[in-house]
Every structure is written in structure tokens, then in C-alpha cells.
Amino acid sequence: MDNPTTLNTDNFPILGREVYGHRLVYLDNAATTQKPQAVIDCLCDYYTTLNSNIHRGAHYLAAEATERYEAVRGKVQRFVNARHSHEIVFTRGTTESINLVASSFSQRYIKAGDEVIVTGMEHHSNLVPWQLACERQGARLRVVPFSDEGVLDLDAYAGLFNERTRLVAVTHVSNTLGTVNPVAAMARVAHSHGVPVLVDGAQAVAHMRVDVQAIDADFYCFSGHKMYGPMGVGVMYGKEQYLNEMPPYQGGGEMIRDVTLERTTYNDLPFKFEAGTPAVGDVLGLGAAIDFMESVGMERIAAHEADLTRYAMERLAEVEDLRFIGTAPGKAAVVSFLVGNAHPYDVGTLLDKLGIAVRTGHHCTQPVMDRYGIPGTVRASFAVYTTREDIDALVTALHRIAPMLN
Ligand code: PLP
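Rules of the game
- Residues numbered from 1 in each chain as written.
- Predicted model: local features only at pLDDT ≥ 70, side-chain atom pairs only at ≥ 80, totals over all residues.
- Heavy atoms only, no water.
- Near = heavy atom within 4 Å.
- Polar contact = N/O pair within 3.5 Å; in protein donor to acceptor, adjacent residues only side chain to side chain.
- Areas by Shrake-Rupley, 256 points an atom, 1.4 Å probe, with all protein chains shown as cover.
- 1 Å grid on protein atoms, 1.4 Å probe; cavity = no way out; pocket = protein on both sides within 12 Å on 5 of 7 lines; lining within 4 Å.
- Sits in = over half its atoms within 2 Å of the grid points.
- Buried < 20%, exposed > 50% of the residue type's maximum accessible area, 1.4 Å probe, protein only.
- Helix = DSSP H or I, 4+ residues; strand = E, 2+ residues; numbered from the N terminus.
- Pairing = 2+ DSSP bridges.
- Right-handed = clockwise from strand over helix to strand, strands pointing away.
- Domains from an automatic or database assignment.
- Buried area = accessible area lost by both parts, 1.4 Å probe.
- Salt bridge = Lys/Arg side-chain N within 4 Å of Asp/Glu carboxyl O.
- Phe/Tyr/Trp six-rings, centres within 6.5 Å; stacked < 30°, edge-to-face > 60°.
- Lys NZ or Arg CZ within 6 Å of the ring centre and 35° of its normal.
- Axes fitted to C-alpha atoms, helices over the stretch in contact; angles between N-to-C directions.
- Contact = heavy atoms within 4.5 Å.

Overview of the site of the ligand
Thought 1: The full set of residues close to the ligand is Thr 94, Thr 95, His 123, Ser 125, Thr 171, Asn 175, Asp 200, Ala 202, Gln 203, Ser 223, His 225 and Lys 226.
Thought 2: Between the ligand and the protein, one listed contact pairs an oxygen atom with a backbone N or O atom of Thr 94 at 3.5 Å.
Thought 3: Out of a free accessible area of 400 Å², the ligand has 86% covered by protein chains.
Thought 4: A majority-of-atoms criterion places the ligand in the largest pocket.

Structure below.
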């Protein structure tokens, strides 16, 4: 990236903070990204000048808020290249998006004896909802294994399909290993068996250009807060043909067409899946986040982060006894590692005292930890504002804390 420092200091006020007397080095972007000033301003402006409930109010503020909320739906549609804006459903985040699909899709399409394919590297958010759905419907999960490097076994994947397979749920990018999965190729295999695919895009949308039609994803889910937007808002993209067939997820206001005491008919897409008052201000903030990313350019963001990831892998390899967990070729901006026999929590705590924010633990992927026989990892994850200096600071700090470990 030409000048990441400008972005860093000008656009992300929190990055100017100090912690424990040190410059904050924020390397926990897979957990949540920081927010540019434009997103903060958008939230503030909404509550200062526009706050009102949408779709039903017969007054000026309600009409304007509705128009701006619906304009963001169109912006999201263009951002991920969905065919229709009514295929974009606003939710609270990836977790709610996946739970919506798992609950609603399974009621309509999954019966006793059926099978759902997941991978061994899913975040709990793309695993537990399917376990719950399978338990409810009497179906079972099949799991795609992955190699020591963190690469899915695609032959094993192809071998899992049979006439009982109803859905594939796969993460686009692993939040622990950084692996970018070949979701378009996986969707082609699934579709050749007539099976739809849900892609968990939580760790992808802020880091690369995502085109849901090119992937041919049947569902694609993501969170605003991991893409420079507010917490509490996310997206469930679903192909019209499925969304029309699936029953509502929640009942309440907005999702109905007509209600009597005996019976209810449902609203059109996407409103059928948006019961109750949505997070209007947060949706507008998500729109501001998309504007921010587009202003930088997704290709520039991807190139910047690819460079940083290469640099981080090189520099971290200098640290004695450091072992990477996840070394798939072309991996995204997530670097997990262990240092000697030190517990990841101890490493994270010592780094924190030097102003370096990393994540430690199982990262909501306990089966990944079981796969490697480890309790957790230290995870450094990058974003548009991350610099080589941030990575240098991490490496220097690791050298500094080394005598305190083990
Ligand atoms: N899927 C992946 C791959 C994630 O990394 C995360 C969050 O870390 C989630 C799903 C859940 O996202 P959220 O907590 O925003 O719903």
C-alpha cells in the first residue's frame, strides 16, 4: 500500500492511543477491526439528526431513515455482487446469519437420515448451529479433514457426497489458520450433486474482493464489525430461490403481510427475514465502512495484507522456538503460532504489557486445537492500517519476553 501510515493515524483515532505507556499495536483484527472516523461520524450523525424507526413511520425522519437503510442494502448487493438487493438480509452478524440459515433451511430441506458437510476448521459459529440443526432433524454431520499445513483434503471432500447430502457449510477464510479455502471449486463439486453451499465469509469480506455469483455461493454470511463497521450488524446473502422456499426465522413486526388471530401470511423478501426493529444506525455505519473500503480499493487492501503476511511469516521465523500453526500457501492475514512450550495465554499477557494486542486461546475453533493437540495459539491478524513497523514491534517484543517464558 502506498501510504498506510496516513490511513493509520488520520482515519482510525483509536490507533493513536497508548496502552501501558506504549504505542498501541493492534494485531487482533480477526476478532474485530477498528473503525475509521467516517464510520464513527456516521453513527453519531444518525443519532444526532436522523434517529427514527423505519418502514412504518409516516413522517419525514422515518422516510429518510428508511431510504438510507435501503440504500445500504443496494450498496451491500453491489459490494458482494449479489444478483438482487432482496437477497441481502440484515442480521446482527455472521453468527445470527448462520443460525438463521441452519434453523430455517433445515426445517424446509433436512430430514432424518440426511447429511450436512462441514470442515474441520470451522469457527464454532459455523459448526454448532449445524450440530443443533442435525440433532433437531435427526440428520448427521460429515467433516472434511485438513492437512498439517491447514489445507482441506478436497479428495476426501468429494468422497463425502451421497444421495442424503443436503448442504455444505464451509469457511471462506479460517480465522485460526488463515487458510483461504477454494470455495468456488468446492461449490462446483457440491452443485454437481445438486447440493447448495453456505460460505462463512466473516474473515474474507474485509480482505479480498468477494463475488458471491462468481463463487456461486447459495448463502454467504458476514459481520459488519470485522469489516471496519459497527458491532451488532451483519449480512446473510441467500439465493432468492432458497429464501423464497425457507420459512421465517423469527416472527414479529415487519416480517408479516397479514395477521389474524388464526393465521399469518409473510412479507416479501428480504423483510420476511427481518423481524422487529433493525439496527438502523449500524446498517448506515456498515454502508460507511463499505465506502471506506471501496475508497482504498479491495485489490490494494488484499495486496497490502499479502505483503504484510509474507513479511510477518519471515520475521516471526527469526524468533527462537517459534512454531507456526497454519502454513497453507496463499494464506490470508492471520498468523497463529506457539513459542516453545509457553502457554499462549502467557505470551499474550506479556505482549499486552508492551502495548501489543494479540488474541490467544482456541479462537472458537476447539476442533482445530484438538487436530494439532494444542491448547490454543497466539494469533496476530492484520488489517488495512497494519504496518511493517507493527510486525517489527511484535518480533522485538517476542525477543524481549523470551527469557520470561518456559
Ligand atoms: N466465522 C468466523 C470464521 C469468524 O472468525 C467469526 C468471528 O470471529 C465468526 C464466524 C462469528 O462472527 P460474529 O461473532 O461476528 O458473529
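Overview of the pairing of strand 8 (residues 197–200)
Thought 1: Neither face of strand 8 is exposed, since Val 197 and Val 199 on one face and Leu 198 and Asp 200 on the opposite face are all buried.
Thought 2: Relative to strand 8, strand 7 (residues 165–171) runs parallel, the two sharing 4 bridges. Within the sheet, the bridge partner assigned to Val 168 lies in strand 8 and is Val 197.
Thought 3: Assessed by its sense of winding, the connection that carries the chain from strand 7 through helix 7 (residues 183–192) to strand 8 is right-handed.
Thought 4: Taken together, the 3 bridges between strand 8 and strand 9 (residues 219–223) define a ladder with parallel strand orientation.

Some thoughts on the domain arrangement of the protein chain
Thought 1: Each domain of the protein chain was delimited in the assignment, giving domain 1 (9–31 + 297–405) and domain 2 (40–294).
Thought 2: A straight line from the C-alpha centre of domain 1 to that of domain 2 covers 28 Å.
Thought 3: Of the roughly 2700 Å² buried at the junction of domain 1 and domain 2 (both faces included), carbon and sulfur atoms supply 56%.
Thought 4: By the criterion of area lost to domain 2, the three top residues of domain 1 are Met 298, Cys 364 and Arg 371, representing 22% of everything that side buries.
Thought 5: Our enumeration of links across domain 1 and domain 2 arrives at 2 salt bridges.
Thought 6: The interface formed by domain 1 and domain 2 includes 23 residue pairs in polar contact (both at pLDDT 80 or more).
Thought 7: For the side of domain 1 that touches domain 2, the elements supplying multiple residues, two or more each, are helix 11 (298–316), strand 14 (334–339) and helix 13 (366–372).

Observations concerning the pattern of salt bridges
Thought 1: Inspection of the entire model under this criterion finds 22 salt bridges.
Thought 2: Asp 114 serves as the salt-bridge partner of Arg 166, at 3.1 Å between the closest nitrogen and oxygen. Here Asp 114 lies in the loop between helix 4 (94–109) and strand 5 (115–119) and Arg 166 lies in strand 7, a separation of 52 residues in the sequence.
Thought 3: The residue Glu 294 makes a salt bridge to Arg 209 at a minimum N-O spacing of 3.5 Å. Here Glu 294, found in helix 10 (residues 280–296), pairs with Arg 209, found in the loop between strand 8 and helix 8 (212–215); they are 85 residues apart in sequence, far enough to count as distant.
Thought 4: For Arg 209, a relative accessible area of 41% gives the class partly exposed.

Concerning the packing of aromatic side chains
Thought 1: Taken as a whole and judged by the stated rule, the model has 15 aromatic pairs.
Thought 2: Considering the side-chain rings of Phe 12 and Phe 292, the 5.4 Å spacing of their centres and the 80° angle between planes classify their relative orientation as edge-to-face. With Phe 12 in the loop between helix 1 (4–11) and strand 1 (18–19) and Phe 292 in helix 10, this residue pair connects regions lying 280 residues apart in the sequence.
Thought 3: Accessibility expressed as a relative area gives 0% for Phe 12, which makes it buried.
Thought 4: Taking relative accessible area as the criterion, Phe 292 reaches 8% and is therefore assigned buried.
Thought 5: Within the aromatic cluster, the residues linked to one another by ring pairs are Phe 12, Tyr 228, Phe 292 and Tyr 385.
Thought 6: Note that Arg 371 overlies the ring of Tyr 372, its terminal NZ or CZ placed 5.3 Å from the centroid.

Points about the sheet that holds strand 6 (residues 140–144)
Thought 1: Read from one edge of the open sheet, 7 strands run 4-10-9-8-7-5-6, paired in mixed fashion. Every other strand in the sheet has two partners, leaving strand 4 (88–91) and strand 6 as the edge strands with one partner each. Adjacent strand axes in the sheet meet at a mean angle of 20° when their direction is disregarded.
Thought 2: The sheet contacts of helix 5 (residues 128–137) involve strand 5, strand 6, strand 7 and strand 8, and relative to strand 6 the element is tilted by about 145°.

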